[in-house]
Amino acid sequence: MKNIKNIFHSNSIPKTITFCVLTFGIYVIYQLFTLTRIVNENVVNPIPQWFSISAITIHLISYFSLIIFFVASGSQELLIFSKAMHVISSIFHITWLIKVRNRINQIIGAKKGGDLWLNPILSSFLHVIYIQHKINQFLHKPISANSHTGNV
């Protein structure tokens, strides 16, 4: 059985912020996909792969249509399309964040209001930066006698 502390990996918060900024948000999607793969291997109710792929596809369509609009001085129709895709992408993104957050809380045994619990408001606004912060807290917390040692 896998030790619960070996499920997640520690990562520097400044490094995470830097990657998020330098990639214009693409790292956020990459990190969500990575976290999805990790949690799916450790929960009974995994996040469907079709959902993750749909969220990524819609995000990329929105992202690149906006780039094309600005680079090629696109039409107003392209801007409207890009904005509509951004709204759909945001809905998928927030839903995906909630799914990942809930499963991480489940895996680490975090209870609402506890020091390891992933707050839904902070998760929504700070995304993978906040999630990584909480994972780092979990990984650096001493293992207690009643900690998890197996799969959830």
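Parameters and conventions
Residues numbered from 1 in each chain as written. Predicted model: local features only at pLDDT ≥ 70, side-chain atom pairs only at ≥ 80, totals over all residues. Heavy atoms only, no water. Salt bridge = Lys/Arg side-chain N within 4 Å of Asp/Glu carboxyl O. Helix = DSSP H or I, 4+ residues; strand = E, 2+ residues; numbered from the N terminus. Axes fitted to C-alpha atoms, helices over the stretch in contact; angles between N-to-C directions. Parallel < 35°, antiparallel > 145°, perpendicular 65-115°, else oblique. Left-handed = near helix turned anticlockwise from the far one by under 90°. Nonpolar A, V, L, I, M, F, W, Y, C, P; charged D, E, K, R; others polar. Core = buried A, V, L, I, M, F, W, Y, C linked by side-chain atoms within 4.5 Å. Buried < 20%, exposed > 50% of the residue type's maximum accessible area, 1.4 Å probe, protein only. Contact = heavy atoms within 4.5 Å.

S.K.: Which residues make up the pattern of salt bridges, and what values do they have?
M.R.: According to the stated counting rule, one finds 1 salt bridge in the structure shown. Here D115 makes a salt bridge to K141, at a shortest N to O gap of 3.5 Å. Placement of D115 in the loop between helix 4 (76-108) and helix 5 (120-140) and of K141 in the segment after helix 5 is noted, with a sequence separation of 26 residues between them.

S.K.: Tell me about the packing of helix 3 (residues 49-71) against helix 4, and name the residues and values.
M.R.: One can describe the packing of helix 3 onto helix 4 by two numbers: an axis separation of 8 Å at closest approach and a directional angle of 150 degrees. With respect to helix 4, the element helix 3 is oriented roughly antiparallel. For the crossing formed where helix 3 meets helix 4, the hand is left-handed. Looking at the contact of helix 3 with helix 4 residue by residue, the classes come out as 15 nonpolar, 10 polar and 1 charged.

S.K.: Mind laying out the nonpolar core, listing which residues take part and the relevant values?
M.R.: Within the largest apolar cluster, 35 residues are counted, with the highest numbers of intra-cluster contacts made by F8, W96, I104, I107 and I108. Going through the elements one at a time, helix 2 (26-40), helix 3, helix 4 and helix 5 are the ones with two or more residues in this core. Here this core takes 8 residues from helix 4, the largest share from any one element.

S.K.: Explain the packing of helix 2 against helix 3 to me, and be specific about the residues and the numbers.
M.R.: Direction vectors running N to C along helix 2 and helix 3 enclose 175 degrees, while the axes themselves pass 11 Å from each other. Taken as axis vectors, helix 2 and helix 3 run roughly antiparallel relative to one another. Packed against helix 2, whose contacting residues are I26, I29, F33 and T36, the element helix 3 presents S52, I56, H59, L60 and Y63 at the interface. Of the residues assigned to the contact of helix 2 with helix 3, the class counts are 6 nonpolar, 3 polar and no charged.

S.K.: If you had to explain unusual backbone geometry to someone new, which residues and values would you point to?
M.R.: Backbone geometry places F24, a non-glycine residue, at a positive phi of 55 degrees. Mapped onto the elements of the fold, F24 is located in the loop between helix 1 (13-22) and helix 2. We classify F24 as exposed; its relative accessible area is 65%. The residue H127 is not glycine, and still its phi comes out positive at about 45 degrees. Mapped onto the fold, H127 is located in helix 5.

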